[in-house]
Amino acid sequence: VDVKVVTGRYSDVFPVHMFPFVPGFDVAGEVAALGAGCSKLKVGDKVALCLGIQESSRQGAAFGPAGAFAEYCVCPENQISKVPEDVMLSRVAGLPLAGLTAYQALFTGHGCSTQGERLGGVTKD
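Predicted model, so just to flag it, every value in this text is computed and none were measured.

Caption draft 1: View of the nonpolar core. Counting nine residues, the largest nonpolar core is built from Val 27, Val 31, Leu 41, Val 47, Leu 49, Leu 51, Ala 68, Cys 75 and Ile 80. Counting residues in each nonpolar core, the second largest holds six residues, with Val 5, Phe 21, Phe 25 and Cys 50 among its members.

Caption draft 2: Structural view of the side chain of Lys 46. By the element assignment, Lys 46 lies in strand β2 (residues 46–50). Among buried charged residues, Lys 46 stands out as having no salt bridge; its nearest opposite-charge side chain is Glu 85, 4.8 Å away. A polar side-chain atom of Lys 46 sits 2.4 Å from the main-chain carbonyl oxygen of Val 87. Not counting the four nearest positions on each side in its chain, Lys 46 is found in contact with Gly 29, Glu 30, Ser 81, Lys 82, Val 83, Pro 84, Glu 85, Val 87, Met 88 and Leu 89.

Caption draft 3: The arrangement of the layout of surface pockets in detail. Roughly 520 Å³ of internal volume is contained in the largest pocket. When residues of the lining of the largest pocket are traced back to their parent elements, those giving at least two are β1 (26–30) and β2. Residue contributions to the lining of the largest pocket peak at five residues, all from β1. Of the residues in the lining of the largest pocket, the class split is 18 nonpolar, two polar and four charged.

Rules of the game
For every chain, the first residue of its written sequence is number 1, and the numbers climb from 1 along that sequence. In keeping with the model being predicted, local features are shown solely for residues with a pLDDT of at least 70 and side-chain atom pairs are shown and tallied solely at 80 or more, while totals for entire chains, interfaces and linings include all residues. Excluded from the side-chain calculation are hydrogens and water; included are all heavy atoms of the structure. Put simply, a nonpolar core is a bunch of buried Ala, Val, Leu, Ile, Met, Phe, Trp, Tyr and Cys residues held in one set by side-chain atoms that sit within 4.5 Å of each other. Relative accessibility decides the category of a residue: with a 1.4 Å probe and only protein chains considered, values under 20% of the type maximum give buried, values over 50% give exposed, and everything between is partly exposed. Note on conventions: DSSP H or I runs of at least 4 residues are helices, E runs of at least 2 residues are strands, and numbering of each starts at the N terminus. Only four residue types enter the charge count, namely Lys and Arg as positive and Asp and Glu as negative; His and the chain termini do not. When a carboxyl oxygen of Asp or Glu lies within 4 Å of a side-chain nitrogen of Lys or Arg, that pair is called a salt bridge. Distance and chemistry together define a polar contact, namely a pair of N or O atoms within 3.5 Å, with one atom able to donate a hydrogen and the other to accept it when in protein, and with adjacent residues in sequence counting only for side-chain atoms on both sides. Any pair of residues with heavy atoms lying within 4.5 Å of one another is described as a contacting pair. Definitions used throughout: a 1 Å grid over protein atoms alone; a cavity as a set of points that fits a 1.4 Å probe which cannot get out; a pocket as an open set with protein on both sides within 12 Å along at least five of seven lines; a lining residue as one with an atom within 4 Å of a point. Grid points are joined across faces, edges and corners, and a volume is the space filled by probe spheres set on the points. Residue classes follow a fixed rule: Ala, Val, Leu, Ile, Met, Phe, Trp, Tyr, Cys and Pro count as nonpolar, while Asp, Glu, Lys and Arg count as charged, and any other residue, Gly among them, counts as polar.

Honestly, that's just the spatial picture; any functional story needs more than this.
This is how it looks when you write it as structure tokens:
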């Protein structure tokens, strides 16, 4: 996704309206600072998150656009997942967007197999 956004191949779907633009959507790291009202995280927590293509790249976004390739980034607390202390950040760095994509394909009915069959309808049973 990052390559498509940076090269403009997603400009019809996810145009970048805010500059400077720092690409990258998946983040794994440690909380460096907290904004007002943050209650479930503390400085030093290990976290993983997806900055969200639509959330961070639309006009009027409260944060972004994107920015995972920067040294620091800003993200709403409700988009952040804590990473257990015994899990290496390098193991979860690519998980947020890939996990979201898998979830959408399997549970929302928006995915297709390579043969064009609709995916979805996966249940917990």
